Amino acid sequence: PERRLLILGSPRSGKTSTANTILGDEVFDSGTETTHSNVGHTELYGRRLTVVDTPPWAVPSDPGGEADSNDNAEAERLDSEGPCMGAILCPPGPHAILLVVSVSQPFTETQRRAAEEQLGALGGGTWRYSMVLFTCVDKLSKGVFIEEHIANTGEALQWLVEKCGSRYHAFDNTRKDTEDNTQVPELMEKVEELITDNQGLLFKRKEGSAQRLLLREGKSDAGARSLYKKVPTELRVLLLGWKGVGKSSVGNSILGRRFFESGQETDLCLRRQALVCGRRVTIVDTPGWDWFSVSRTPKRIRQESQRGAALLRPGPHTLLLVLPVVSSLTARKRRTLLAHIETLFGETACLHTMVLFSCGDWLGRTPIEEHILRGGRELQRLLEYCGNYYHVLDSKTPGKDRSVSALLDKIEEMIREN
């Protein structure tokens, strides 16, 4: 029902104009250089289409003098956000990554290294989801096709196309309003082919933390592996977070009944179960942690959090880290949260942790992606730690929030990925 596209490219490559062409409207300001990632949505061919435009990537310095130093400085300033923010803004991950290359600019070895560095920052397996999208094809000489341009431009561009599995498409953004414009339908057909080639799997950035790298290298301990089991007939969820963040209200919203006593401090773990959206869901509510230090959280509370995991034998599928949308996240608060999780549940807990934004009614009409952008780098780093798994919930309407079903879908997806 949805397709998500992440757009990357160098300065003046035509990323923003391309995003507008795909969306069929002037959603993004193409008159200025993009300074932070932006999200646009539309309905296309019966599907919801999400397009994320990103700042231009920085071109590495070239000892041969190919790149202009002023352009490099400007691109590095704009690129400080990095490509990972764009991936976060299209959860649970993009179906396709479009690498925008303008045919009106020379694609040199310097540009090739910049593209390789950008894709490398997103992690392994990125090229499987990537496609080169050529812009400004109206600038090609009459009678010259894009295939000839690729063959004549040099080895750097040929390398890029080959790394993307020879997947490419050509755009003339000056034709986007013409009746015979078939560029977007043809692009979406190629995206569908890419999705089929990848067996429907989404790109997930897994290099966001040392813990994920250790797990992939097979260095996780047997005790951590035994904690998390796949039992698809039941979803087991452990609610975690600071004191007073609304964990009990979240539990009530998910289960659709007032099982947990909200409005007062939770002292002991409580386990409750219900049939929700056709799934059997078991939730354990836990006492809250200290906001600023693990050592300031009483030992009894830390032990109670671990006991909560034991109540979900053989182990929780998801550690649901509750975070109010109204709270700000500093570096110290973020480090404290992660220290609690890793101290109590081990280094591999990051693979099973999802951020759940409570008090979602405070957002009003503001999309959660915009809230994440405003939240700053610390919030974005927390989401990267969680593999970009997050959800927003309005705890004021227990049993009536349609997003509960979407939350359970994400939990099931996490189980499959693990």
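Keep in mind the model is a prediction, meaning the values are calculated, not measured. (Residues numbered from 1 in each chain as written. Predicted model: local features only at pLDDT ≥ 70, side-chain atom pairs only at ≥ 80, totals over all residues. Heavy atoms only, no water.)

## Details of the overall build of the chain
Basically, it comes down to this: Helix and strand labels come from DSSP, where a helix needs a run of H or I of at least four residues and a strand needs a run of E of at least two; each type is numbered from the N terminus. Three exposure classes are used, based on accessible area relative to the maximum for each residue type with a 1.4 Å probe and protein chains only: buried under 20%, partly exposed in between, and exposed over 50%. We call two residues contacting when some pair of their heavy atoms lies within 4.5 Å.
Helix and strand counts for the chain stand at 15 helices and 12 strands. Counting across all 418 residues of the chain, residues that qualify as buried make up 54%. The contacts in the chain between residues at least 6 apart in sequence include a share of 74% that link residues at least 24 apart.

## Here we look at a negative patch on the surface
Note the threshold: A patch consists of residues whose relative accessible area exceeds 30% and which take part in no salt bridge; residues with like charges are grouped when within 9 Å of each other, and nonpolar side chains (Val, Leu, Ile, Met, Phe, Trp, Tyr) when within 5 Å. Using a 1.4 Å probe, the Shrake-Rupley method yields the accessible areas, and only the shown protein chains count as cover for residues. Here a salt bridge means any side-chain nitrogen of Lys or Arg lying within 4 Å of a carboxyl oxygen belonging to Asp or Glu. The charged-residue count follows a simple rule in which Lys and Arg add positive charge and Asp and Glu add negative charge, with His and chain termini not counted at all. The location of each charge is read from NZ of Lys, CZ of Arg, CG of Asp or CD of Glu.
The grouping of E186, E189, E193 and D197 at the surface amounts to a negative patch. With respect to the helices and strands, the residue D197 is situated in helix α7 (residues 183-197). Since its relative accessible area comes to 55%, D197 is described here as exposed.

## Examining the packing of aromatic side chains
The following threshold applies: Centres within 6.5 Å make a pair out of two Phe, Tyr or Trp rings, where for Trp the six-membered ring is used; the pair is then stacked when the planes are under 30 degrees apart, edge-to-face when over 60, and tilted otherwise. By definition here, charges over rings are those cases where NZ of Lys or CZ of Arg is within 6 Å of the ring centre and within 35 degrees of the ring normal.
Under the counting rule described, the total for this entry stands at four aromatic pairs. With 5.6 Å between their ring centres and 85 degrees between their planes, W127 and W159 make a pair best called edge-to-face. Of the two residues, W127 sits in the loop between α4 (109-122) and β5 (130-135) while W159 sits in helix α6 (residues 155-163), which places them 32 residues apart along the sequence. Judged by its relative accessible area of 16%, W127 falls in the buried class. The ring of W159 is capped by R112, whose NZ or CZ atom sits 4.4 Å from the centre of that ring. Taking NZ or CZ as reference, K190 lies 5.9 Å from the ring centre of Y168, over its face.

## As for helix α5 (residues 146-153)
Residues three or four positions apart in an α-helix share a direction because the helix packs 3.6 residues into each turn. Our working definition: Directions pointing from the helix axis toward each C-beta atom define the arc.
Those residues of α5 not exposed but buried are I146, H149 and I150. Down the axis of α5, the smallest arc covering the buried residues is 100 degrees, so these residues share one side. Among the exposed residues of α5, those oriented more than 90 degrees off its buried face are A151 and N152. Along its buried surface, α5 packs onto β5, α6 and β6 (168-170). Backbone geometry just after α5 places G154 at a positive phi near 130 degrees.

## Overview of the sheet that holds strand β10 (residues 318-324)
To keep it simple, the criterion reads: Between any two strands, pairing holds if DSSP finds at least two bridges. In this analysis an axis means a line fitted to C-alpha atoms, helices contributing only their contacting stretch, and an angle means the value between N-to-C directions, from 0 to 180 degrees.
Ordered in space as β8-β9-β7-β10-β11-β12, the six strands form an open sheet in which the pairing is mixed. In the strand order of this sheet, the two ends are held by β8 (270-276) and β12 (390-392), each with one partner. The average undirected angle you get between the axes of adjacent strands in this sheet is 25 degrees. Bridge analysis of strand β11 (residues 353-358) against β12 gives three bridges, and the strand direction is parallel. Considered in β12, the bridge of L356 is made with H391.

## A closer look at unusual backbone geometry
Each neighbour pair has its own omega, and for R313 with P314 the value is 0 degrees, a cis peptide bond. Although it is not a glycine, C136 adopts a positive phi angle of roughly 60 degrees.

## Quick notes on the packing of helix α13 (residues 368-375) against helix α14 (residues 377-385)
The condition is simple: Working rule for angles: under 35 degrees goes down as roughly parallel, over 145 as roughly antiparallel, 65 to 115 as roughly perpendicular, anything else as oblique. Polarity classes work like this: nonpolar for Ala, Val, Leu, Ile, Met, Phe, Trp, Tyr, Cys and Pro, charged for Asp, Glu, Lys and Arg, and polar for all others, with Gly in that last group.
Two elements in contact, α13 and α14, have axes separated by 6 Å at closest approach and are oriented at 120 degrees. Taken together, the axes of α13 and α14 lie oblique to each other. On α14, the residues touching H371, I372, L373 and G375 of α13 are R377, L379, Q380 and L383. A per-class count over the contact of α13 with α14 returns four nonpolar, three polar and one charged.

## Section: the pairing of strand β1 (residues 2-9)
Burial of β1 is extensive: seven of the eight residues sit out of reach of the surface. When β1 meets strand β3 (residues 47-53), the two strands line up parallel, connected through six bridges. Within β3, the residue paired with L6 across the bridge is V52. Pairing of β1 with strand β4 (residues 96-102), which is carried by five bridges, proceeds in the parallel orientation. Following the sheet pairing, L6 is matched in β4 by I97.

## Digging into the pattern of salt bridges
If you walk through the whole model with that rule in mind, you get 17 salt bridges. Among the salt bridges present, the one from E261 reaches R258, with a minimum N-O distance of 3.3 Å. One salt bridge in this structure joins D290 and R296, with 3.5 Å as the shortest N-O distance. Judged by its relative accessible area of 51%, R296 is exposed. One network of salt bridges, with partners in common, ties together R3, R47 and E192.

## Some remarks on the sheet that holds strand β2 (residues 38-44)
A sheet is described by the order of its strands in space; here six strands give the open sequence β2-β3-β1-β4-β5-β6, paired in mixed fashion. Strand pairing shows two members of the sheet lacking a second neighbour, β2 and β6, which therefore form its edges. Between one strand axis and the next, the sheet turns through 25 degrees on average, direction left out of account. Looking at chain direction, β2 and β3 are connected through seven bridges and run antiparallel. Along β3, the bridge assignment pairs V39 with V52. Those strands touched by helix α1 (residues 15-23) are β1, β2, β3, β4 and β5, and its axis lies near 170 degrees from that of β3.

## Points about the side chain of R112
For clarity, the cut-off: Polar contacts here mean pairs of N or O atoms no more than 3.5 Å apart (in protein, one a potential hydrogen donor and the other a potential acceptor; neighbouring residues in sequence count only if both atoms are side-chain atoms).
By the secondary structure assignment, R112 is in helix α4. A polar contact of 2.7 Å, which involves the side chain of R112, links it to the side chain of E109. Not counting chain neighbours up to four residues away, the residues in contact with R112 comprise F107, A156 and W159.

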